[in-house]
Amino acid sequence: MTDYTQILLEKDGPIATITLNRPEKMNAYTRVMMQEMIDAFDDTDADDAIRAVIVTGSGERAFCAGADLTPDDGSKPFSSQTEVTDLSDEVVRDGGGRLTLRMFQSTKPLISACNGVAVGVGATMQLPMDIRLASDNARYGFVFARRGIVPEACSSWFLPRLVGQQQALEWCMTGRIFDAKEALKGGLVRSIHPRAELMDAACELANEIAENTSAVSVAMTRAMLWRLPVEDHPMKAHRIDSRSIYKLSRGKDAAEGVQSFLEKRPPSYPGKVSKDMPDFYPWWDEPEYK
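Residues numbered from 1 in each chain as written. Predicted model: local features only at pLDDT ≥ 70, side-chain atom pairs only at ≥ 80, totals over all residues. Heavy atoms only, no water.

A. Inspection of the layout of surface pockets at higher detail. Space inside the second largest pocket adds up to approximately 520 Å³. Taken together, 21 residues make up the lining of the second largest pocket; nearest its centre are Arg-93, Leu-101, Cys-154, Glu-286 and Pro-287. Broken down by element, the residue count for the lining of the second largest pocket peaks at five residues, all from helix H2 (residues 95-104). Residues of the lining of the second largest pocket, tallied by class, amount to ten nonpolar, two polar and nine charged. (1 Å grid on protein atoms, 1.4 Å probe; cavity = no way out; pocket = protein on both sides within 12 Å on 5 of 7 lines; lining within 4 Å. Points joined across faces, edges and corners; volume = space filled by probe spheres on them. Helix = DSSP H or I, 4+ residues; strand = E, 2+ residues; numbered from the N terminus. Nonpolar A, V, L, I, M, F, W, Y, C, P; charged D, E, K, R; others polar.)

Below, the structure is given as structure tokens:
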């Protein structure tokens with residue numbers, strides 16, 4: 001898919017930017033947007049030249065105002081109108097969850113540049129991003145209880161891990177809208193920036209990754225830090241740590257990392273995520289929706 005209608009995908013050197021592009025509806029989320037975003041993440045993962053992905057919204061008011069409550073096709077905003085008796089049927093699956101699961105699988109670092117209102121899926125889609133930046137006019141809301149539904153997009157898994165159980169419960173049970181300062185205090189975002197400076201800050205961070213690190217190392221590190229903390233014993237992390245160090249230390253990126261350090265010059269890592277990941281990656285079995 002290349003002709004996107006609800007997002008923009010732009011590449012500038014090692015940085016890709018995905019922009020939610022429905023400013024007339026405050027970038028409200030639709031099934032089309034979901035499909036286009038998943039396709040864009042497929043694209044950035046497949047492109048070895050891309051080292052980091054920034055996600056932001058178009059316009060000056062919103063990152064994403066949540067699910068489109070008045071879809072153009074007349075369908076229900078939250079789930080399929082198709083009636084099924086088997087809840088393991090694919091038609092039951094939440095569209096926000098389809099997106100966040102794809103983001104969870106990304107091999108590239110994901111940076112959120114939240115430039116305004118982010119409620120419902122506009123907030124939950126940012127949870128699997130690795131680093132979240134906010135503009136000073138950003139507003140967040142896990143508003144599901146105020147709409148008669150429940151948190152979606154796998155947020156019951158992501159949110160407590162990011163901000164702690166008590167904060168997650170408070171934000172979700174009240175469903176209130178809160179500002180960037182509260183998001184920062186609660187651990188949801190890394191930093192707050194004037195709106196005009198937000199993308200510059202996100203690009204600076206993305207370039208720091210791109211200019212100084214091995215793509216293979218970052219891809220492995222991302223998978224390890226997202227997946228291993230939920231294991232039931234540190235031995236399971238030790239297994240992956242040990243295998244990773246053993247394999248990567250014998251590779252060309254490790255040689256370049258040491259040599260560039262000794263020569264006091266910027267590194268030029270030759271490794272590619274598409275072909276140089278360790279042979280035991282992925283070490284997990286991806287669960288299916290059943």
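Continuing now.
B. How the structure looks around the nonpolar core. Grouped together as the largest cluster of nonpolar side chains are 44 residues, with contacts concentrated most on Met-37, Phe-41, Phe-63, Tyr-140, Phe-142 and Leu-188. Ignoring sequence-local partners within four residues, the contact set of Phe-142 consists of Ala-123, Thr-124, Leu-127, Leu-159, Trp-171, Cys-172, Gly-175, Arg-176, Phe-178 and Leu-188. (Core = buried A, V, L, I, M, F, W, Y, C linked by side-chain atoms within 4.5 Å. Buried < 20%, exposed > 50% of the residue type's maximum accessible area, 1.4 Å probe, protein only. Contact = heavy atoms within 4.5 Å.)

C. Structural view of the packing of aromatic side chains. Counted by the stated rule, this structure contains twelve aromatic pairs. For the ring pair Phe-104 and Phe-158, a centre distance of 5.9 Å and an interplane angle of 70° mean the geometry is edge-to-face. Taken as a pair, Phe-104 in helix H2 and Phe-158 in helix H4 (residues 155-163) lie far apart in primary sequence, 54 residues in all. Like Phe-104, the residue Phe-158 is buried in the burial classification. Feature note: the residues Phe-104, Trp-157, Phe-158 and Trp-226 constitute an aromatic cluster, connected by ring pairs. Across from the ring centre of Trp-284, 3.6 Å away, lies the NZ or CZ of Arg-227, which sits over that ring. Over the ring of Tyr-246 we find Arg-250; its NZ or CZ atom is 3.7 Å from the centre of that ring. (Phe/Tyr/Trp six-rings, centres within 6.5 Å; stacked < 30°, edge-to-face > 60°. Lys NZ or Arg CZ within 6 Å of the ring centre and 35° of its normal.)

D. Fine view of a negative patch on the surface. Together, Asp-136, Glu-197, Asp-200, Glu-204, Glu-208 and Glu-211 make up a negatively charged patch on the protein surface. Here Glu-208 is to be found in helix H7 (residues 198-212). (Patch = residues over 30% accessible without salt bridge, like charges linked within 9 Å, V, L, I, M, F, W, Y side chains within 5 Å. Areas by Shrake-Rupley, 256 points an atom, 1.4 Å probe, with all protein chains shown as cover. Salt bridge = Lys/Arg side-chain N within 4 Å of Asp/Glu carboxyl O. Lys, Arg positive; Asp, Glu negative; His and termini not counted. Charge placed at Lys NZ, Arg CZ, Asp CG, Glu CD.)

E. Representation of helix H10 (residues 252-262). Of the positions making up H10, those classed as buried are Asp-253, Glu-256 and Ser-260. What you see down the axis of H10 is that its buried residues fit within an arc of 60°, all on one side. Pointing more than 90 degrees away from the buried face of H10 are the exposed residues Phe-261 and Leu-262. Where the residues of H10 are buried, they touch helix H8 (215-227). The first or second residue beyond H10 is Lys-264, which carries a positive phi of 55°. (Arc of directions from axis to C-beta.)

F. View of the pattern of salt bridges. With the rule as written, the count across this model stands at 18 salt bridges. The shortest N-O distance in the salt bridge between Arg-176 and Glu-170 comes to 2.6 Å. Since its relative accessible area comes to 34%, Glu-170 is described here as partly exposed. Linking Asp-276 and Lys-252 is a salt bridge whose minimum nitrogen-to-oxygen distance equals 4.0 Å. Placement of Asp-276 in helix H11 (residues 273-276) and of Lys-252 in helix H10 is noted, with a sequence separation of 24 residues between them. Exposure remark for Lys-252: the relative accessible area of 44% places this residue in the partly exposed category. What you see here is one network of salt bridges that share partners, running through Lys-11, Asp-43 and Asp-47.

G. Region of the structure containing empty space enclosed by the protein. All chains considered together, the criterion is met by one cavity of 30 Å³ or more. Around the largest cavity sit Arg-51, Thr-107, Lys-108, Pro-109, Ala-215, Val-218 and Val-273, which together line it. When grouped by side-chain class, the residues that make up the lining of the largest cavity number four nonpolar, one polar and two charged.

H. Just the pairing of strand S3 (residues 52-57), in detail. Of all six residues in S3, six are buried; the element is thus mostly enclosed. Side-chain alternation along S3 places Ala-52, Ile-54 and Thr-56 on one buried face and Val-53, Val-55 and Gly-57 on a second face that is also buried. In this fold, strand S2 (residues 15-20) hands off to helix H1 (residues 31-46), which returns the chain to S3; that crossover is right-handed. As defined by bridge partners, S3 adjoins strand S5 (residues 110-114) across four bridges and the pair is classed as parallel. Opposite Val-53, over in S5, you have Leu-110 as the bridge partner. (Right-handed = clockwise from strand over helix to strand, strands pointing away. Pairing = 2+ DSSP bridges.)

I. Up close: the sheet that holds strand S4 (residues 62-64). Spatially, the four strands line up as an open sheet ordered S4-S6-S8-S9, and their pairing is mixed. Strand pairing shows two members of the sheet lacking a second neighbour, S4 and strand S9 (177-179), which therefore form its edges. Neighbour-to-neighbour, the strand axes of this sheet turn through a mean angle of 20°, independent of strand direction. Sheet topology places strand S6 (residues 117-119) next to strand S8 (residues 139-141); three bridges connect them, and they run parallel. Bridge pairing in S8 places Val-117 opposite Arg-139. (Axes fitted to C-alpha atoms, helices over the stretch in contact; angles between N-to-C directions.)

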